[in-house]
Amino acid sequence: MESVEQGEGEGGAGGEREDAGLRPEDEPGSGVVTVFGRQLKLLRVRAGLERPEFGKLTGYAGQSIASFEQGRRIPSPRFIDHADEVLDAGGVLKALKDEVARAQYPAFFRDMARLEASAVGLSVYAALAVPGLLQTAEYAKAVFQMQRPLLDDDVLEQRLAARMARQEIFTRRPAPLLSFIIEEVVLRKPIGGLATLRGQLEQILLAGQNRNVEIQVMPTDREDHAGLGGPFNLIDNAEGRRIAYTEVQDDSRLYTSAGKIRELEARYGILRSQALTPRESLDFIEELLGVK
């Protein structure tokens, strides 16, 4: 298989995009979130509980329970666990938890999110914005607020929660090997304002202190540059396979063919040689912050 077209387009958004501010499912009233909602309602009715009563038992308002049941809002894993116990569902709701969690992302990013969550290694070249895995909540929210068409407030909050959840990769054990090459111009863009940018640079410095994380800066004044084709990711899975992910505007693809993988592997290796070393890169970020 040469590639799988995803129709996504990061545009600096860390891989998630929601067209026209719709909820995370492809179409209203369809998908795993709707299936979960129907199961939830059946189990609640079987238990003889009204929505307000069930909401009190799970810590949610009756209106939120209605949104869950109608597939208009994605429930948290914690709610699913609690609801399964309260309704004596015997694991029926918990069995859907992973699929519901993936529904936080648009359909076109779910494959990438799944691969990223189980990756043993990840190489990221970022040319437009700070990679989503490194973003602070403030920076990520600013990125989402800039998307056009505008995202609905509920969708924006779901996207923000999903992005922050992705960062659990940094605390996973065994720790995956993570490599980031970031364009200098990205580190100078005051997305969200100067205070937000400063917090973002501090976050990158903290991430770079981890032994399994290498962060490199590509200086703007480099005459030789292998990354003019745009941003891309390389994902290593536990089976020893490597998959590539590329994107431009509203189109993104996952590649599995050996030829394409070798091409992007070579490109990433050249980029690493052209960029500042990890130590030099952290020093550079400290200089941007005025620490040095």
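Anyway, here's the lowdown on the structure attached to this text. Computed from a predicted structure; not experimentally measured. Along each chain, the written sequence defines residue order, and numbers are assigned to residues from 1. At least 70 in pLDDT is required for a residue's local features to be given in this predicted model, at least 80 for side-chain atom pairs to be given and counted, and no such filter applies to totals for whole chains, interfaces and linings, which use all residues. Hydrogens and water are ignored here; the side-chain numbers use all heavy atoms of the structure.

**Notes on the overall build of the chain**
Step number 1: Helix and strand counts for the chain come out as 12 helices and 7 strands.
Step number 2: In this scheme, a residue with accessible area under 20% of its type's maximum is buried, one over 50% is exposed, and one in between is partly exposed, where area comes from a 1.4 Å probe on protein chains only. Counting every position in the chain, which comprises 292 residues, the buried fraction comes to 50%.
Step number 3: At a minimum sequence separation of 6, the contacts of the chain that also span at least 24 residues come to 73%.
Step number 4: The protein chains shown are the only cover counted for residues, whose accessible areas, like all others here, come from Shrake-Rupley with a 1.4 Å probe. Of the roughly 14,100 Å² of accessible surface on the chain, 51% is carried by carbon and sulfur atoms. Working definition: helices are DSSP H or I runs of at least four residues, strands are E runs of at least two. Numbering for both runs from the N terminus. Two residues qualify as a contact provided that any one of their heavy atoms is within 4.5 Å of a heavy atom in the partner residue.

**Structural notes on the pattern of salt bridges**
Step number 1: A pairing counts as a salt bridge when a side-chain nitrogen of Lys or Arg comes within 4 Å of a carboxyl oxygen of Asp or Glu. One pass over the structure, following the stated rule, counts 13 salt bridges.
Step number 2: A salt bridge links glutamate 85 to lysine 94; the nearest nitrogen and oxygen atoms lie 3.8 Å apart.
Step number 3: Between aspartate 236 and arginine 242 there is a salt bridge, with its nearest N and O atoms 2.6 Å apart.
Step number 4: Via salt bridges that share partners, Arg44, Arg51 and Glu69 belong to a single interconnected network.

**Some thoughts on the packing of helix H1 (residues 32–46) against helix H3 (residues 62–69)**
Each pair of packed helices can be described by the angle between their axes along with the distance between the axes.
Step number 1: Look at H1 against H3: their axes get within 7 Å of each other, and the N-to-C directions meet at 125°. One way to sum up the angle between H1 and H3 is to call them oblique. On H3, the residues that touch Val33, Gly37, Arg38, Leu40, Lys41 and Arg44 of H1 are Ile65, Phe68 and Glu69.
Step number 2: The residue makeup of the contact of H1 with H3, split by class, is 4 nonpolar, 1 polar and 4 charged. Every axis corresponds to a line fitted to the C-alpha atoms, with the helix fit spanning only the stretch in contact, and the corresponding angles, defined between N-to-C directions, vary from 0 to 180 degrees. Any angle from 65 to 115 degrees is called roughly perpendicular, while one under 35 is roughly parallel, one over 145 is roughly antiparallel, and all others are oblique. Polar here means any residue other than Ala, Val, Leu, Ile, Met, Phe, Trp, Tyr, Cys and Pro, which are nonpolar, and Asp, Glu, Lys and Arg, which are charged; Gly is therefore polar.

**Description of helix H6 (residues 110–117)**
Step number 1: Taken together, the buried positions of H6 are Arg110, Met112, Ala113, Leu115 and Glu116.
Step number 2: Buried-residue contacts for H6 involve helix H5 (97–102), strand E2 (121–126), helix H8 (153–166), strand E5 (232–236), strand E6 (242–248) and strand E7 (251–255).

**A word on the nonpolar core**
Step number 1: We define a nonpolar core as any set of buried Ala, Val, Leu, Ile, Met, Phe, Trp, Tyr and Cys residues linked to one another through side-chain atoms lying within 4.5 Å. By size, the foremost hydrophobic cluster in this structure holds 37 residues, and its most contacted members are Leu134, Phe170, Phe180, Ile182, Ile215 and Ile285.
Step number 2: Broken down by element, this core gets its largest block of residues, 5 residues, from helix H10 (residues 194–208).
Step number 3: Those residues in contact with phenylalanine 170 that lie beyond four places of it in its chain are Leu133, Leu134, Leu178, Phe180, Asn210 and Val213.
Step number 4: If you look at the next biggest cluster of nonpolar residues, it comprises 18 residues, including Leu49, Ile65, Phe68 and Leu93.

**What to know about the packing of aromatic side chains**
Step number 1: Each Phe, Tyr or Trp ring (for Trp, its six-membered ring) is paired with any other whose centre lies within 6.5 Å, and the angle between the two planes then decides the class: stacked below 30 degrees, edge-to-face above 60, tilted in between. All told, the structure shown has 6 aromatic pairs when counted by the stated rule.
Step number 2: With 6.2 Å between their ring centres and 70° between their planes, phenylalanine 54 and phenylalanine 79 make a pair best called edge-to-face. Placement of the pair is phenylalanine 54 in helix H2 (residues 51–58) and phenylalanine 79 in helix H4 (residues 77–86), with a sequence separation of 25 residues. Exposure class is identical for phenylalanine 54 and phenylalanine 79. Each is buried.
Step number 3: Plain terms: the ring middles of phenylalanine 232 and tyrosine 268 are 6.1 Å apart, the flat faces sit at 80° to each other, and that makes the pair edge-to-face. Linking phenylalanine 232 in strand E5 with tyrosine 268 in helix H11 (residues 258–274), this pair joins segments that are 36 residues apart in sequence.
Step number 4: Overall, tyrosine 268 belongs to the buried group, its relative accessible area being 4%.
Step number 5: In our convention, an over-ring charge means Lys NZ or Arg CZ found within 6 Å of a ring centre and within 35 degrees of that ring's normal. Taking the ring centre of tyrosine 255 as reference, the NZ or CZ of lysine 260 above it sits at 5.1 Å.

Worth remembering: the numbers are spatial, not functional.
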